[in-house]
Amino acid sequence: MPVPFVTVDVFTTRKFRGNPAAVVLLSSSAPQPPEARPDDPPGTFHWPPASYLANVAREFALSETAFVLPTRVPVDDEDKPRDDKSGEPEAFSIRWFTRDGSEVDLCGHGTLAAAHALWDTHLVSRTRVVVFRTQRAGDLRVVPVGGWQGLGEGLAEISLPLSAPTLERLGADAEKCDAAAVTSALGLPLDGTTRVKVIGRNEIGDTFALLEDQKTLRAATPRSDAIAALGGRGLVITCAATEKLNDEVDADFESRFFGPNIGIDEDPVTGSAFCGLAPYWFEALRELVDEKTAAAERTRAAKEAAGASGGVGDEGKDFPDGSCGVGCKRVDHSAPVERAVELIGYQASRRGGFAKVSVDGDRVRVKGCATTVMTGHIFDLKSITEAP
């Protein structure tokens with residue numbers, strides 16, 4: 001049988017913006033590995049051979065392809081909307097492969113795309129939380145928190161592990177990751193006019209560097225070989241967003257991500273980078289965070305005084321145009337999911353995209369929009385398992 005797929009643009013509601021991901025919805029129709037047995041209980045699914053997953057990802061040639069497999073293991077969920085009567089959340093296993101066929105441990109935008117695809121194809125009710133079981137990143141919960149604006153548009157929040165960068169985690173790579181090496185790798189002048197501060201590396205393997213302003217960040221023309229030589233999974237550069245450029249939505253910070261070591265020269269919008277960006281900027285922008293916290297408390301108190309009932313909505317600063325991202329229509333932010341004060345991050349790639357982030361203990365909550373671009377089916381399953 002053909003295997004269905006959906007391509008989704010994430011962290012935007014404008015097609016051909018944000019970060020594209022392919023989502024392959026696996027079931028018993030996909031090639032089965034040797035351990036699959038004819039007498040397996042109904043509803044038992046096995047991962048196809050790795051060669052199949054890698055070849056499909058190479059064929060899509062997107063930054064990430066997510067493969068979703070049903071699981072029979074039930075899960076509990078504390079984040080389910082309080083008015084959801086549908087029972088326990090839906091559980092799936094998930095794996096991610098890059099355009100060169102490499103498997104990665106964590107992919108935020110690919111996970112949001114997978115949840116969006118399940119909701120948009122009606123495989124999962126749009127009111128239900130989706131829990132993805134991973135091989136190395138634990139369980140990832142995706143919560144629907146916004147209204148749907150027609151076919152293929154929605155707002156969701158994913159909970160990712162917090163992974164703050166530290167200089168100690170650079171380890172043996174510390175010498176080759178100094179400010180001069182990062183500046184040179186970014187194609188920026190070494191004449192003393194450019195200030196670059198290396199923040200450190202996190203457990204995911206990303207190296208973080210702080211640039212002085214948005215113009216410098218956007219002017220960087222990285223050399224992939226030099227970025228790769230820095231080691232780790234990738235390089236995240238970031239700066240405070242003090243100016244609104246090109247009529248874009250206001251952000252609190254900007255970033256770019258380069259990952260030649262995992263087959264991605266520059267990623268359009270990197271969900272997993274927020275695992276390190278969120279804790280850094282919540283500390284660096286402490287005064288702004290405190291202001292937002294006070295504003296949220298005032299809003300909550302005003303609602304209580306007015307006799308408001310039900311769950312807490314999306315307090316704090318909304319996107320300035322009343323939307324959830326570039327070109328996003330107004331959506332209902334009243335889903336009863338409590339969340340902390342949020343910062344807005346913009347990834348300044350060619351496609352660009354926005355996310356709202358908050359820190360919740362040892363987790364980072366990342367909220368973004370998504371839109372469906374294409375749907376289809378994969379055929380010729382026997383030959384696609386062969387190595388290219």
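Residues numbered from 1 in each chain as written. Predicted model: local features only at pLDDT ≥ 70, side-chain atom pairs only at ≥ 80, totals over all residues. Heavy atoms only, no water.

Undergrad: Summarise unusual backbone geometry; cite the residues concerned and give the values.
TA: Positive phi values are uncommon outside glycine, yet Phe-11 reaches one of about 65 degrees. With respect to the secondary-structure elements, Phe-11 resides in the loop between strand S1 (3-10) and strand S2 (19-25). (Helix = DSSP H or I, 4+ residues; strand = E, 2+ residues; numbered from the N terminus.)

Undergrad: Which residues make up the nonpolar core, and what are the values?
TA: Core analysis: the largest hydrophobic core is formed by 55 residues, its most contacted members being Val-68, Phe-132 and Val-366. The greatest single-element share of this core, amounting to 7 residues, is contributed by helix H2 (residues 108-120). Contacts of Val-366, omitting those with residues within four sequence positions, involve Phe-11, Ala-156, Glu-157, Ile-158, Leu-160, Gly-271, Phe-274, Ala-355, Lys-356 and Val-357. Listed in part, the 25 residues of the second largest apolar core include Val-196, Ile-344, Tyr-346 and Phe-354. (Core = buried A, V, L, I, M, F, W, Y, C linked by side-chain atoms within 4.5 Å. Buried < 20%, exposed > 50% of the residue type's maximum accessible area, 1.4 Å probe, protein only. Contact = heavy atoms within 4.5 Å.)

Undergrad: Explain helix H7 (residues 286-305) to me, using residue names and the numbers behind them.
TA: For an α-helix the count is 3.6 residues per turn, leaving residues at separations of three or four pointing the same way. Here H7 is 20 residues long and its end C-alpha atoms lie 28 Å apart, about the 28 Å a rise of 1.5 Å per residue gives. Looking at H7, one finds that the buried residues are Val-289, Lys-292 and Ala-296. Projected onto a plane normal to the axis of H7, the buried residues spread over an arc of 60 degrees and lie on a single side. Facing away from the buried surface of H7 by more than 90 degrees, the exposed residues are Glu-287, Arg-298 and Ala-305. (Expected span 1.5 Å × (residues − 1). Arc of directions from axis to C-beta.)

Undergrad: Can you explain the pattern of salt bridges? Please cite residues and give values.
TA: Taken as a whole, this structure holds 22 salt bridges when the rule is applied. For Lys-176, the salt bridge is made with Asp-173, and the minimal N-O distance between the two is 3.2 Å. The salt bridge involving Arg-201 is made with Asp-173; its shortest N-O contact spans 2.8 Å. One end of the pair, Arg-201, is in strand S9 (residues 196-201); the other, Asp-173, is in the loop between strand S8 (153-161) and helix H3 (179-185), and 28 residues separate them in sequence. A single burial state applies to Arg-201 and to Asp-173, both of which are buried. (Salt bridge = Lys/Arg side-chain N within 4 Å of Asp/Glu carboxyl O.)

Undergrad: So what about the confidence of the model for the chain? Which residues, and what values?
TA: Overall, the prediction assigns the chain a mean pLDDT of 83, with 77% of residues at 70 or greater. With pLDDT under 50 throughout, residues 77-87 is counted as low confidence; its partners more than four residues away or in other chains account for 25 contacts. Low pLDDT, under 50, characterises residues 148-152; the predicted model gives this stretch 15 contacts beyond four residues in sequence or across chains. (pLDDT = per-residue confidence, 0-100.)

Undergrad: Before we move on, could you go through the packing of aromatic side chains and cite the residues and values that matter?
TA: With the rule as written, the count across this model stands at 8 aromatic pairs. When the ring of Phe-67 is compared with that of Phe-97, the centres are 5.8 Å apart and the planes differ by 90 degrees; the resulting orientation is edge-to-face. Linking Phe-67 in strand S3 (residues 64-70) with Phe-97 in strand S4 (residues 90-97), this pair joins segments that are 30 residues apart in sequence. Per residue, the accessibility class of Phe-67 equals that of Phe-97, and both read buried. Plain terms: the ring middles of Phe-92 and Phe-132 are 6.4 Å apart, the flat faces sit at 40 degrees to each other, and that makes the pair tilted. Placement of Phe-92 in strand S4 and of Phe-132 in strand S6 (residues 130-133) is noted, with a sequence separation of 40 residues between them. (Phe/Tyr/Trp six-rings, centres within 6.5 Å; stacked < 30°, edge-to-face > 60°.)

Undergrad: Hey, could you go over the side chain of Thr-270 for me, with residue numbers and the actual values?
TA: Topologically, Thr-270 is positioned in the loop between strand S13 (264-267) and helix H6 (274-284). Residue contacts for Thr-270: discarding those within four places in its chain leaves Arg-233, Phe-257 and Gln-347.

Undergrad: Can you break down the environment of Thr-372 residue by residue, with the values?
TA: For Thr-372, the location among the structural elements is in strand S16 (residues 363-378). One polar contact links Thr-372 to Asp-120, side chain to side chain, over a distance of 2.7 Å. (Polar contact = N/O pair within 3.5 Å; in protein donor to acceptor, adjacent residues only side chain to side chain.)

Undergrad: Before we move on, can you summarise the environment of Gly-376 with the specific residues and values?
TA: Along the polypeptide, Gly-376 turns up in strand S16. In this structure Gly-376 comes out as buried when scored by relative accessible area, which is 17%. When the C-alpha atoms of Gly-376 and Pro-4 are compared, they prove to be 5.7 Å apart, with 372 residues separating the residues in sequence. Not counting the four nearest positions on each side in its chain, Gly-376 is found in contact with Val-3, Pro-4 and Phe-5.

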